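Architecture at a glance
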Amino acid sequence: MGFAPTSLRMEGAETVLAQGLSAITAGETAIDLSGLQQFDSAAVAALLAWQRAAAKAGTALRVVHPPAGIASLAKLYGVEHLLPR
């Protein structure tokens, strides 16, 4: 698994989002969040954008080892059903 961000917060989110999109364009089908130590609502937005990019590329995206807090944020925003699993 190639793409594994360690931080995904508003500050710096644009860079991490672009890195994830590049990984998906290069054929990555899974994002490993086991090392994600810092995140905020930008993580939810990035996951949704990455999922859309994967779908556009005709593939499914898997999120591996997501922190529980991301699911909590997604639920708070009412988008938990949209996140890749």
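Residues numbered from 1 in each chain as written. Predicted model: local features only at pLDDT ≥ 70, side-chain atom pairs only at ≥ 80, totals over all residues. Heavy atoms only, no water.

Remarks on helix α1 (residues 13-25)
What counts, and what does not: Runs of H or I in DSSP of at least four residues are treated as helices and runs of E of at least two as strands, each being numbered from the N terminus. By definition here, a helix of n residues has an expected span of 1.5 Å times n minus one. Burial status follows relative accessibility: with a 1.4 Å probe on protein chains alone, a residue under 20% of its type maximum counts as buried, one over 50% as exposed, and anything between as partly exposed. Here the arc refers to the directions that run from the helix axis out to each C-beta atom. Contact between two residues is taken to exist if any of their heavy atoms lie within 4.5 Å; hydrogens are not considered.
In this model α1 runs 18 Å from its N-terminal to its C-terminal C-alpha over 13 residues, within 8% of the 18 Å that 1.5 Å per residue would give. Taken as a whole, α1 has its buried residues at Ala 13, Val 16, Gly 20, Ala 23 and Ile 24. One face of α1 carries all of its buried residues, which in axial projection span an arc of 100 degrees. The exposed residues of α1 that point more than 90 degrees off its buried face are Glu 14 and Thr 25. Against the buried residues of α1 lie β1 (7-8) and α2 (41-56). Directly beyond the C-terminal end of α1, a positive phi value near 110 degrees is found at Gly 27.

Quick look at the packing of aromatic side chains
The test is simple: The aromatic pairing rule takes the rings of Phe, Tyr and Trp, using the six-membered ring of Trp, and pairs them if the centres are within 6.5 Å, calling planes under 30 degrees apart stacked, those over 60 edge-to-face and the rest tilted.
In total, this model carries one aromatic pair according to the counting rule given. Taken together, a centroid distance of 5.4 Å and an interplanar angle of 85 degrees make the contact between Phe 3 and Trp 50 edge-to-face. Of the two residues, Phe 3 is situated in the segment before β1 and Trp 50 in helix α2; the sequence distance between them amounts to 47 residues. Grouping residues by exposure puts Phe 3 and Trp 50 together as buried.

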